[in-house]
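# A structural walkthrough
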Amino acid sequence: MQVSHLLGSFTINRLLLCYVFVLPLVSCSSHGEVTASSNHKGIKENLHKMSPQMTSYIAVHGLILWVSMGFLMPVGILTIRMANKEEGGRRVKVLFYLHAILQMLAVLLATIGAVMSIKNFENSFNNNHQRLGLALYGAIWMQALIGFFRPPRGNKRRGTWYLTHWILGTVISLVGIINIYTGLKAYHKKTSRSSGIWTILFTAEVSFIAFFYLFQDKWEYIQKQGLILGDDPHQTPPSDQENVLAQRDNQKVLLPEPCGKRNALGNLFD
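Throughout what follows, the structure given in this document is the object of discussion.

The rules behind the values
- Here the residue index of a chain counts from 1 through its sequence in written order.
- Owing to the predicted nature of the model, reporting of local features is limited to residues with pLDDT of at least 70; listing and counting of side-chain atom pairs is limited to 80 or more, with chain, interface and lining totals taken over all residues.
- With hydrogens and water excluded, all non-hydrogen atoms of the structure serve as input to the side-chain values.
- The way it works is that DSSP assigns letters per residue, a run of H or I at least four long becomes a helix, a run of E at least two long becomes a strand, and they are numbered from the N terminus.
- With a 1.4 Å probe rolled over the protein chains alone, any residue whose accessible area is under 20% of its type maximum counts as buried; one over 50% counts as exposed, and the rest are partly exposed.
- Whenever two N or O atoms come within 3.5 Å, that pair is a polar contact, provided that in protein one can donate a hydrogen and the other can accept it, and provided that, for residues adjacent in sequence, both atoms are side-chain atoms.
- Here a residue-residue contact requires only that any non-hydrogen atoms of the pair lie within 4.5 Å.
- Without a salt bridge and with relative accessible area above 30%, a residue can belong to a patch; like charges are then joined within 9 Å and nonpolar side chains (Val, Leu, Ile, Met, Phe, Trp, Tyr) within 5 Å.
- For the area figures, the Shrake-Rupley method with a 1.4 Å probe applies, and any residue is considered shielded solely by the protein chains shown.
- Basic side-chain nitrogens of Lys or Arg form a salt bridge, by our definition, when they fall within 4 Å of a carboxyl oxygen of Asp or Glu.
- Any Phe, Tyr or Trp ring, taking Trp's six-membered ring, that has another such ring centre within 6.5 Å forms a pair; planes under 30 degrees apart are called stacked, those over 60 apart edge-to-face, and the others tilted.
- The criterion is that NZ of a Lys, or CZ of an Arg, lies within 6 Å of the ring centre and within 35 degrees of the ring normal, and then a charge sits over that ring.

### A short note on the side chain of Ser 195
Position of Ser 195 among the secondary structure elements: in the loop between helix H5 (158–191) and helix H6 (196–228). Relative accessible area serves as the criterion here: at 10%, Ser 195 is assigned to the buried category. Engagement of the side chain of Ser 195 in a polar contact is seen with the backbone oxygen of Leu 184, the distance being 3.4 Å. Excluding anything up to four places from it in sequence, Ser 195 contacts Leu 184, Tyr 187 and His 188.

Following this line, the structure appears as structure tokens:
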């Protein structure tokens, strides 16, 4: 009787030990299977999102914003700087209208890129590229409205308008260039495709624009240095007749003056 009692208690203890030690292992295994299945599902969803059509949408979106903020806007800034250095005339009007056309095209392309991103992409705004892009879309349209409401020359608000337009345009151009770099990084992260060649090309373009921007400030100084050294391109060379007259003046012979010495007899009758 005692033996059967001991066997029964031993069996119960073994069952309890199995319940204590084996059940957590089973639950961990089942949890691992659920995690693996969820990860597999997430991978399938990412593959579905990065379909060839979605990849092409991302590429077109990046190209449009590159042309808008990475090319047209900086070139528009360079043209208006060229117009500011002119004294007046038809050339100033041409440069001003070219600046306006370039900026309107940039705003139009940026709007198309914004519509593409809202319609086709997942806009969770959990990264810097999407946040900067949203801020840029609003700033671009604000800058366009400020440009349309330009006060005439001589107005008291002209100085305030110019300062606001200049600061906002410069900030938009710089932040737009930065956001293109973040977009290239996001493209590589989402598609696993290399963006190194595009980064190099964009850096070369930005470097050339920056060099031309700095060169504009020094061009007038270089021209003034040429005037100081006597290399005025507008100065006409002297004609042959003027050279002949100058040589005659230099070779002019002085005639001998009459001597002032007088006869001694003449002094007696003075």
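### Brief notes about a nonpolar patch on the surface
On the surface, a cluster of nonpolar side chains totalling about 980 Å² of accessible area is made up of Tyr 97, Ile 101, Met 104, Leu 105, Leu 108, Ile 112, Leu 145, Phe 148 and Phe 149. If you trace the backbone, Phe 149 turns up in the loop between helix H4 (128–148) and H5. Looking at Phe 149, the relative accessible area reads 65%, which means it is exposed.

### Let's talk about the packing of aromatic side chains
Scanning the entire structure with this criterion turns up five aromatic pairs. Seen in terms of ring centroids, Trp 66 and Phe 202 are 5.1 Å apart; in terms of plane orientation they differ by 80°. Their pairing is edge-to-face. Separated by 136 residues along the polypeptide, Trp 66 in helix H2 (residues 52–84) and Phe 202 in helix H6 bring together distant segments of the chain. By the ring-pair criterion, three or more aromatic residues cluster together here, those being Trp 66, Tyr 181, Trp 198 and Phe 202. Geometry around Tyr 213 places Arg 81 over its ring, the cationic atom sitting 3.8 Å from the centre.

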